[in-house]
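Inside the fold
Read off the chains here:
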Amino acid sequence: MTQCYSMTGPLSEKSSSSYLSSNFGDGFLSDAVGQHAIVSVTDPKGKITYVNDKFVDISGYSRQELIGQNHRLLKSATHPPEFYRDLWKTIANGRTWHGEIRNLNKDGEPYWVKATIIPLLNDQGKPTKYLSIRTDITEVKAAESLKQQQSSLDLFDHQVYLLWPDSLEVFYANRVARERSSSLEMERSGYVPGLLAEGVTKADFEALLSPILSGERNSTTYYADVPLPGGKTFPAEITAQMIHPQEEKKRVFLSVRDISARRKVEKAKSEFIATISHELRTPLTSIIGGLGLIKTSLLNEQMGTVNRLVEISAKNAVRLKKLIDDILDIEKLEAGKMRIHIRKFDLAQVIRDSVTEISGFQAEKNVSVKTFGTTTPVMITGDSERLQQVMANLLSNALKFSHEGGLIEVRLEDEGENVRVSIKDWGDGIEDHAQSSIFEKFVQSDMADTRSAGGSGLGLTIAKEIVEKHGGSIWFDSEYGTGTTFHVTLKRCAVPLANNI
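Here's a quick rundown of the structure.

Conventions we followed
Residues numbered from 1 in each chain as written. Predicted model: local features only at pLDDT ≥ 70, side-chain atom pairs only at ≥ 80, totals over all residues. Heavy atoms only, no water. Helix = DSSP H or I, 4+ residues; strand = E, 2+ residues; numbered from the N terminus. Buried < 20%, exposed > 50% of the residue type's maximum accessible area, 1.4 Å probe, protein only. Contact = heavy atoms within 4.5 Å. Areas by Shrake-Rupley, 256 points an atom, 1.4 Å probe, with all protein chains shown as cover. Pairing = 2+ DSSP bridges. Axes fitted to C-alpha atoms, helices over the stretch in contact; angles between N-to-C directions. Phe/Tyr/Trp six-rings, centres within 6.5 Å; stacked < 30°, edge-to-face > 60°. Lys NZ or Arg CZ within 6 Å of the ring centre and 35° of its normal. Expected span 1.5 Å × (residues − 1). Arc of directions from axis to C-beta.

For the rest of this paragraph, the subject is the overall build of the protein chain. A count of helical and extended segments in the protein chain gives 17 helices and 19 strands. Residues counted as buried form 41% of the 501 residues belonging to the protein chain. Contacts spanning at least 24 positions in sequence make up 57% of the contacts within the protein chain whose residues lie at least 6 apart. Accessible surface, the protein chain as shown: approximately 27,300 Å² in total, 53% of it carbon and sulfur.

Structure below.
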């Protein structure tokens, strides 16, 4: 912030009379100054005795509100107390002060002035009044600030644009943007940078930016292929943010990052996961099938030990398959490639099938499952397989953390346009410190539970994504030591954002 000032000599009251009239309102020269500048006069104590029309206009106060007041009425928090003390010390000692001051008008809006404050002295050299002549430099300061801001944006290693929110037209493109996209030509023709993305119209661009233009969000990000000179394109992450620099108009800050390298890494990662998953799933399917056949043939009681080993092998094979499925699903969710197939189905039947799915593990822990509201059909639209995955996951968690001989309650309730599923267990519950992160990837309520109960820590993350993509919500109630209840609310007619999520 610039706070420059200088001092020159005073005007005597006698010389000022020949220079300006004694009341600063008469004469050709005073009229000329009054037309150009913001003029005020104060008494020796700083009380305002005169203001011209331009002072009234820029301050927003009426003349009656200003007369008798001190200039502190316009004071902003920009300058430190020392700034004002030096100013007053200078003029009180009979010297002229020059400098730039940031004031606030009646509505609290800032404005900058370049000021000259002249003490008018009597024959004893004492100030009898102070004449202040100011020039509005608000636009000059804004231009200086914008120039500094643009210079700093030229240091960025990716494309940056500044746009006016009302028209979404670019008024600045940084060095990289000018070099890579010939933005200067686009700028001169009213170029809208949303159009640089293939297949994105101006209407699409306005829709993408609507959350920040309406104030709903501070920033928004989308992905698109951006053309380069010569007809080539590159994949880009485009982030738009509304910014409001001090004393300047709001503008949209648009950042365009080349994510070609990131896409290569993501592709390699996806290919690796697909390969390793295939290599693991194929033998696992054979193991599970083979163990199942062996298990059914081992009915002789003398084969109890072998049978028990086979059961352990089969159970761990199923768990390993579940782990691989979870890894694949989280990868699909992050890549936006999980398929959602919308159709009408009976949610009550899905819940009954999910209870059956965990029955083998249920018997092992001697845990009972009671269902309520699942005897009659409850029809909704959505992806039945994905929602069964959610229910099975919540039931599996309830089973894992239930005590031996415990109870799980499953309730399906009709709430008009919505339906609610609640799954309650009487296990140890979730500790307070773990509750805020329970839906994050690879998180379980206690690492000791992870070791004893198994699981990837991905199940709840996947469940949350699936439920929310159906327009629903998932949450829980838990008190450590008394158990946990997970709730899922679903709309009867799910309308996901797209067929691929």
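Counting buried positions along strand β3 (residues 38-42) gives five out of five residues, so the element sits mostly inside the fold. Burial along β3 is two-sided: I38, S40 and T42 and V39 and V41, pointing in opposite directions, are all buried. Linking β3 to strand β4 (residues 48-51), which pair antiparallel, is a turn of five residues; within it G46 sits at a positive phi near 95°.

Once that is clear, we can look at unusual backbone geometry. One non-glycine residue, L168, lies in the positive phi region at around 60°. Considering the arrangement of structural elements, one finds L168 in the loop between β8 (159-163) and β9 (170-173).

Spatially, the five strands line up as an open sheet ordered β14-β16-β17-β19-β18, and their pairing is mixed. Every interior strand has two partners, whereas the edge strands, β14 (368-372) and β18 (473-479), have only one. Taken over all neighbouring pairs, the strand axes of this sheet differ in orientation by 15° on average, direction set aside. By the bridge criterion, five bridges tie β14 to strand β16 (residues 407-415) in an arrangement that is parallel. Considered in β16, the bridge of K370 is made with E409. Running over the sheet, helix α14 (residues 384-400) touches β16, β17 (418-425), β18 and β19 (483-491) and is turned about 25° from β17.

According to the stated counting rule, one finds six aromatic pairs in the structure shown. Plain terms: the ring middles of F83 and W97 are 5.8 Å apart, the flat faces sit at 85° to each other, and that makes the pair edge-to-face. Taken together, the residues F83 in helix α5 (residues 81-92) and W97 in strand β5 (residues 96-104) connect sequence positions 14 residues apart. Pair check on accessibility: F83 and W97 agree, each one buried. Seen in terms of ring centroids, F439 and F476 are 6.1 Å apart; in terms of plane orientation they differ by 50°. Their pairing is tilted. Taken together, the residues span a long stretch of sequence, with F439 in the loop between α15 (432-435) and α16 (447-453) and F476 in strand β18 at a distance of 37 residues. In terms of burial, F439 and F476 fall into one category: buried. Put simply, the rings of F83, Y84 and W97 touch in pairs and so form one group of aromatic residues. Over the ring of W426 we find K424; its NZ or CZ atom is 4.8 Å from the centre of that ring.

The terminal C-alpha atoms of helix α9 (residues 202-213), which comprises twelve residues, lie only 14 Å apart, well short of the 16 Å expected from a rise of 1.5 Å per residue. Listed in full, the buried residues belonging to α9 are F205, L209, P211 and I212. What you see down the axis of α9 is that its buried residues fit within an arc of 130°, all on one side. In this fold, the buried residues of α9 make contact with β8, β10 (219-227), β11 (233-243) and β12 (251-258). Backbone geometry just downstream of α9 places G215 in the positive-phi region, at approximately 85°.

Function cannot be inferred from these measures alone, as they are strictly geometric.
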